[in-house]
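# Observations on chain architecture
Residue-level listing of the chains:
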Amino acid sequence: MAKDDSKLNLIILSKPDSKFLYMFIFILASLLRRLIPRIIDDESKVITEAELRKIKDFHHNINRCYFDLLSNYIGDILAGIMTLINKLISKFKTTTSEAREREKDMRKKSLFYLTIIAIIDIIAQFCLFLFSNVISETKLLENEVIREENLYFVVSIDIFSRYIFSRIFLQSYFYKHHIVSTILTFIGFIPLIIKNLYDITHSSDNNILTNRAASIYLFLFIYMTIIYSLEDVFNKLCFNQSILEPYDLMFYKAVIQTIIVIPLTIYICVNYGLLQYISYNLGKDSTGRVFYRLSFILSNIFRTWSLLNIIRLVDPNLLSVLKSSEFAVLFIFISIYSALNGKNNQMDKEFYICGTICCIFSFLGSAIHNELIIINNFGLLKCTKYYKYELEDNEKFPSIEDLDTDDNDSKNNQTDHSLLDNSTEY
């Protein structure tokens, strides 16, 4: 499909490939993981003073954070079902000795990266678990000291840390439309960053400038976000150097983390009354709480699996845009849910205006990054995969060899860690 360059001012593409299916699953799973707990929590939020005094003995926050960590662990372990099925199927396949030797070598590399990934992941999960040890008694039944809405600006840190880590560890190259996408995303987040920072520095209860717990929570939340970004980059390194499938990575990572999870479980049981906490919660609205955990585990399995598929297929630059798209969808649906439940009055109009601006710019930046929107100005068209694969056969356009004249030979000969050499889809 060739088109005249002079007539192309803005191209809208509607040719989704497999990565868009995974993106849809990822965002849907993220949405369900957030909305279902909100619905269940709303139904069981009110407790009596007697119940409040009773559950203080169960170290509610510590046990709750432990179960969040355990839910993530169980979800990854369950991915081993697919690993087992794949192993059984492979037994009926014949392979050469050369292929077996190559597979053995790649397993050694996989173990190295899997160990690093498992350590990074457990460090990230421990951030809020550690915070639960210093949380205020007045926040006994809450997940955070700072309101979730006032932490939305941290998504911008997530996005740009992925760009930085991709450049450092994966030697990823940024084309012009990537840079435009990044700038648009940053512009969109500016109003929300200003609004969130103003709120958390002027809060009457949880001012980060005067409240020690709030400042610790903010630091740990930002640190956790950056660590998760680093984990995804190492996930890509692992896929580049191994033959693992996404469910394999989930399972083997969890197996390595068993070394930490088992002693942690014993420690929580002995020192924080884990068994009493479980007994109390099973006796009060047990159906809702069991459904809460099952839904969290199930949605987390699909969210992690789809995310790892995207990481395997594309440059982690795309993950930055994926996070901004995830934020936009969550913001819209959670705002609608809050409006239907009469909770929008808790946040002022400026917050929703800033959030809406951020959503619009995030979707626009995502569309440009993913080449759903291609701008034919300032050399942006010639940097795209669309141009290379759809238009290079047209004599009106230069050949593919002319596209990367701004790249030196070292960038054209990327290392094995470069995503531009390993990705088959964008």
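Above this text you will find the structure in question.
Residues numbered from 1 in each chain as written. Predicted model: local features only at pLDDT ≥ 70, side-chain atom pairs only at ≥ 80, totals over all residues. Heavy atoms only, no water.

### Here's the deal with the packing of helix α6 (residues 154-169) against helix α7 (residues 176-201)
Condition: Inter-axis angles, ranging from 0 to 180 degrees, are taken between N-to-C directions of lines fitted to C-alpha atoms, where helices are fitted over the stretch in contact. Segments assigned H or I by DSSP are reported as helices when at least four residues long, segments assigned E as strands when at least two residues long, and all are numbered from the N terminus. Any angle that falls under 35 degrees is termed roughly parallel, while one over 145 is termed roughly antiparallel, one within 65 to 115 roughly perpendicular, and all others oblique. Crossings are sorted by hand: turned counterclockwise from the far helix by less than a right angle, the near helix makes the crossing left-handed, and turned clockwise it makes it right-handed. A contact between two residues is defined here by any heavy atoms of the two lying within 4.5 Å. Under this grouping Gly is polar, as are all residues other than the nonpolar Ala, Val, Leu, Ile, Met, Phe, Trp, Tyr, Cys and Pro and the charged Asp, Glu, Lys and Arg.
Where α6 contacts α7, the axes come no closer than 10 Å and their chain directions differ by 155 degrees. Classified by the interaxial angle, the pair formed by α6 and α7 is roughly antiparallel. Read as a crossing pair, α6 and α7 show a hand that is left-handed. Mapping the contact onto sequence places Val 155, Ser 156, Ile 159, Phe 160 and Tyr 163 in α6 and His 178, Thr 182, Thr 185, Phe 186, Phe 189 and Ile 193 in α7. When its residues are assigned to classes, the contact of α6 with α7 shows seven nonpolar, four polar and no charged.

### Description of helix α9 (residues 246-272)
Note the threshold: The angle between axes fitted to the seven residues ending at a residue and the seven residues starting there is what we call the bend at that residue. For every residue, the accessible area (1.4 Å probe, protein chains only) is compared with the maximum for its type, and the residue is labelled buried under 20%, exposed over 50%, or partly exposed between those bounds.
The sharpest bend along α9 reaches about 45 degrees and sits at Gln 257. Listing the buried residues of α9 in full gives Pro 246, Tyr 247, Asp 248, Leu 249, Met 250, Lys 253, Ala 254, Gln 257, Val 261, Leu 264, Ile 268 and Tyr 272.

### As for a nonpolar patch on the surface
The criterion, for reference: Only residues whose relative accessible area exceeds 30% and that form no salt bridge are eligible for patches; like-charged ones are grouped when within 9 Å, while nonpolar side chains (Val, Leu, Ile, Met, Phe, Trp, Tyr) are grouped when within 5 Å. What sets the accessible areas is the Shrake-Rupley method with a 1.4 Å probe; for residues, cover comes only from the shown protein chains. In the sections that follow, a salt bridge refers to a side-chain nitrogen of Lys or Arg positioned within 4 Å of a carboxyl oxygen of Asp or Glu.
On the surface, a cluster of nonpolar side chains totalling about 490 Å² of accessible area is made up of Ile 74, Leu 78, Ile 81, Met 82, Ile 85 and Ile 89. For the nonpolar patch, the element with the most residues is helix α4 (residues 80-90), which contributes four residues. The topology assignment puts Ile 89 in helix α4. Given a relative accessible area of 44%, Ile 89 falls into the partly exposed group.

### What about empty space enclosed by the protein?
Cut-off, in case you're wondering: Here a cavity denotes grid points, spaced 1 Å and computed from the protein atoms alone, that fit a 1.4 Å probe unable to get out, and a pocket denotes an open set having protein on both sides within 12 Å along at least 5 of 7 lines; residues with an atom within 4 Å of a point are the lining. Grid points are joined across faces, edges and corners, and a volume is the space filled by probe spheres set on the points.
Across all of its chains, the model carries one cavity of 30 Å³ or more by this definition. In this structure, the largest cavity spans a volume of roughly 30 Å³. If you go around the largest cavity, the residues you meet are His 177, Ile 368, Ile 373, Ile 374, Ile 375, Leu 380 and Thr 384. For the lining of the largest cavity, the leading source of residues is strand β2 (residues 373-375), giving three residues. Across the lining of the largest cavity, the residue classes tally to five nonpolar, two polar and no charged.

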